[in-house]
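Listed below are the residues making up each chain.
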Amino acid sequence: MTRRDLLAAAAAAGVLAAPVAGSTPHAGDDAVLPPPEATEVWQPVPPKVDAPAGGVPSDATVLFAGTDTDAWEHADAEDGRPIRWNVVDGALVVTPGSGDIRTRQAFGDVQLHLEFRTLAQPTGEGQGASNSGVFLMERYELQVLDSYRNSTYVNGQAAAVYKQYPPLVNASRPPGEWQSYDVLFLAPRFADDGRVLAPARMTALHNGVLVQHHVALQGATVYRGQPKYDAHAAQLPLRLQDHGDAVAFRNIWIRAIAPPASP
């Protein structure tokens, strides 16, 4: 039996309540539906980006690739002096007590990739176990911590939006192993009078596992009290935290996210 015979038999039996995908439209459809060209968008054409497997997209800004630290400055420096963190075997390692570092370039909506390594031999526990942080726009923190077998408050463990959102799951690897964060971040929008028009939002993957799903940030990260927003520039640097532990970072790159094209 042909496909046409099957459709005819099904229609005769009354089991076809709607057209089957791929079947011939009813004769009256052309008089009701617009032509397919009416919903085709041809411009603007998305720019071409080379995206090698496991590599850096061609339109990304490389912030650290193993040797050069020129993209960074100390967060408390006004003179642009070189950072005092050390480069060891291709990794950027926190020098405890030297202070946070930040990018010289400012960013808004971004895709961020970085890899980090906690201490192979933990020297503390709780928040004292390989603590650091990734601060989007210098104020919205994705926590870095040894959370493999280390108990602490869940909105302060690895991959938490610090003191706001615990991770959906704990995807931490054992101490001393390299781990990755992939982050999509949308900067907050403010009115001219400082009111929040749209909160910052974050999606994050920890070692390839979704841990933050488009969460709406409640404000800038604070250690005590409730987070809140203060109006700020549309673009600000990325900051890495010196929390007193020699946490290592590598393969750091960032892409500006273009606003969607109007239909």
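Look above for the structure.
**Q** Any chance you could break down the sheet that holds strand 14 (residues 239–240) for me, citing the residues and the numbers?
**A** Here we have 5 strands laid out as an open sheet, ordered 2-5-14-7-8, and antiparallel in their pairing. Two strands lie at the open edges of the sheet, namely strand 2 (72–74) and strand 8 (140–144), each paired on one side alone. Judged from the 5 bridges that link them, strand 7 (residues 132–136) and strand 8 form a sheet pairing that is antiparallel. When the sheet's bridge partners are listed, Leu-136 is paired in strand 8 with Tyr-140.

**Q** I'd love a proper account of the pattern of salt bridges, names of residues and values included.
**A** What the rule picks out here adds up to 11 salt bridges. When salt bridges with common partners are traced through the structure, they connect Glu-73, Asp-100, Arg-102, Arg-104, Glu-138 and Arg-239 into a single cluster.

**Q** Explain the side chain of Thr-203 residue by residue, including any values.
**A** Residue position: Thr-203 is located in strand 12 (residues 201–206). A distance of 2.9 Å separates a polar side-chain atom of Thr-203 from the backbone nitrogen of His-214.

**Q** Please give an account of the environment of Ala-106 that cites residues and values.
**A** As for its placement among the helices and strands, Ala-106 is situated in the loop between strand 5 (101–103) and strand 6 (110–117). The class for Ala-106 is partly exposed, based on a relative accessible area of 28%. Between the C-alpha atoms of Ala-106 and Ala-234, which are 128 residues apart in sequence, the distance is 8.9 Å.

**Q** Outline the packing of aromatic side chains, supporting the account with residue identities and numerical values.
**A** With the rule as written, the count across this model stands at 6 aromatic pairs. Taking the centre distance of 4.8 Å and the plane angle of 50 degrees together, the rings of Phe-116 and Tyr-181 count as tilted. Within this pair, whereas Phe-116 is found in strand 6, its partner Tyr-181 is found in strand 9 (residues 178–186), the two being separated by 65 residues in sequence. The same class applies to Phe-116 as to Tyr-181, namely buried. Plain terms: the ring middles of Tyr-140 and Tyr-229 are 6.1 Å apart, the flat faces sit at 50 degrees to each other, and that makes the pair tilted. Of this pair, Tyr-140 sits in strand 8 while Tyr-229 sits in the loop between strand 13 (209–216) and strand 14; the two residues are 89 residues apart in sequence, bridging distant segments of the chain. For the pair Tyr-140 and Tyr-229, a shared accessibility class is recorded, and that class is buried. Counting every residue linked through ring pairs, the aromatic cluster contains Tyr-140, Phe-185, Phe-190 and Tyr-229.

What counts, and at which threshold
Residues numbered from 1 in each chain as written. Predicted model: local features only at pLDDT ≥ 70, side-chain atom pairs only at ≥ 80, totals over all residues. Heavy atoms only, no water. Pairing = 2+ DSSP bridges. Helix = DSSP H or I, 4+ residues; strand = E, 2+ residues; numbered from the N terminus. Salt bridge = Lys/Arg side-chain N within 4 Å of Asp/Glu carboxyl O. Polar contact = N/O pair within 3.5 Å; in protein donor to acceptor, adjacent residues only side chain to side chain. Buried < 20%, exposed > 50% of the residue type's maximum accessible area, 1.4 Å probe, protein only. Phe/Tyr/Trp six-rings, centres within 6.5 Å; stacked < 30°, edge-to-face > 60°.

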